[in-house]
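Notes for the structure review
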Amino acid sequence: MSGQCKTLNVAGRSFACKTVAYAHGDKGRVNFAVAVDDPDDESHVVSFSGANGRRADDNSYELPIDRMLLNSKDRPKVDGLPVPAEQPSTGTCRQTGNFAARKVTDVTCSATDREGRRYELLFVSDGTPVSVRRIRQSAPSIQDPFKLESRRCSGPEIGK
């Protein structure tokens with residue numbers, strides 16, 4: 001989504017943001033991911049995450065937040081990508097505008113984690129239509145050599 005973060009507070013610190021993205025996983029989990037404009041950390045991403053969002057009408061969507069996903073350059077990596085820390089949280093995100101028509105007006109989120117840290121977002125669109133990308137997970141392109149070995153060693157030939 002193209003626009004500006006009017007407010008981005010992460011556990012008591014204010015930041016600007018680079019962009020906000022809405023992501024819907026195949027198991028129903030939804031994230032409003034915010035790429036944080038942090039001069040000390042190019043990998044700083046904060047995601048408001050939840051499930052069972054509801055659309056009251058064509059122009060409003062509400063997502064109950066049950067965890068915050070916090071990513072930074074200091075997080076452990078898997079396949080070269082940092083794995084976010086999950087903070088159980090409670091809160092809500094609200095998106096106004098018609099997402100199906102690619103017209104999002106704003107996104108507001110507010111959540112508090114179990115330690116009492118608050119996370120707040122007010123993102124306002126600049127009116128540019130939302131860019132939609134469909135990403136599907138595919139089978140790995142590299143064969144696992146351990147699985148190949150186990151297939152070669154199984155069956156009635158073992159011990160001959």
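Basis of the calculations
Residues numbered from 1 in each chain as written. Predicted model: local features only at pLDDT ≥ 70, side-chain atom pairs only at ≥ 80, totals over all residues. Heavy atoms only, no water. Salt bridge = Lys/Arg side-chain N within 4 Å of Asp/Glu carboxyl O. Helix = DSSP H or I, 4+ residues; strand = E, 2+ residues; numbered from the N terminus. Buried < 20%, exposed > 50% of the residue type's maximum accessible area, 1.4 Å probe, protein only. Pairing = 2+ DSSP bridges. Contact = heavy atoms within 4.5 Å. Disulfide = S-S within 2.5 Å.

1. Structural notes on the pattern of salt bridges
Here the structure, examined in full by the defined rule, presents seven salt bridges. Here Asp 66 ties to Arg 29 by a salt bridge, and the two come within 2.9 Å at their closest N and O atoms. Placement of Asp 66 in strand β7 (residues 60-71) and of Arg 29 in the loop between β3 (16-24) and β4 (30-37) is noted, with a sequence separation of 37 residues between them. Looking at Asp 66, the relative accessible area reads 33%, which means it is partly exposed. Relative accessible area serves as the criterion here: at 24%, Arg 29 is assigned to the partly exposed category. The salt bridge partner of Arg 67 is Asp 66, with a shortest N-O separation of 3.7 Å. Taking the relative accessible area as the measure of exposure, Arg 67 reaches 24% and is therefore partly exposed.

2. Looking at the pairing of strand β1 (residues 3-10)
Here β1 runs beside strand β12 (residues 118-125); their pairing, made up of seven bridges, is antiparallel. Each residue of the ladder has a partner; that of Asn 9, found in β12, is Glu 120.

3. Describing unusual backbone geometry
In the Ramachandran plot, Ala 11 falls in the positive-phi region, its phi being about 50° despite a non-glycine side chain. Along the chain, the position of Ala 11 falls in the loop between β1 and β2 (13-14). The phi dihedral of Asn 52 is positive, around 60°, even though this residue is not glycine. With respect to the element layout, Asn 52 can be found in the loop between β5 (45-50) and β6 (54-57). A relative accessible area of 63% means that Asn 52 is categorised as exposed.

4. Describing the environment of Cys 93
Structurally, Cys 93 can be placed in strand β10 (residues 85-98). Between the C-alpha atom of Cys 93 and that of Glu 62, which follows or precedes it by 31 residues, the distance is 5.7 Å. Residue contacts for Cys 93: discarding those within four places in its chain leaves Phe 32, Phe 48, Tyr 61, Glu 62, Leu 63, Ile 65, Thr 108 and Cys 109.

5. Digging into the state of the cysteines
A complete count under the given rule lists two disulfides for this structure. Here Cys 5 is linked by a disulfide to Cys 17, with a sulfur-sulfur distance of 1.9 Å. In this structure the cystine formed by Cys 5 and Cys 17 twists about its S-S bond by roughly 95°; its chirality is therefore right-handed. Note that Cys 5 is positioned in strand β1 and Cys 17 in strand β3, a separation of 12 residues in sequence. Accessibility classification places Cys 5 together with Cys 17 in one group, the buried group. When the bonded cysteines of the protein are numbered from the N-terminus onward, they pair as 1-2, 3-4.

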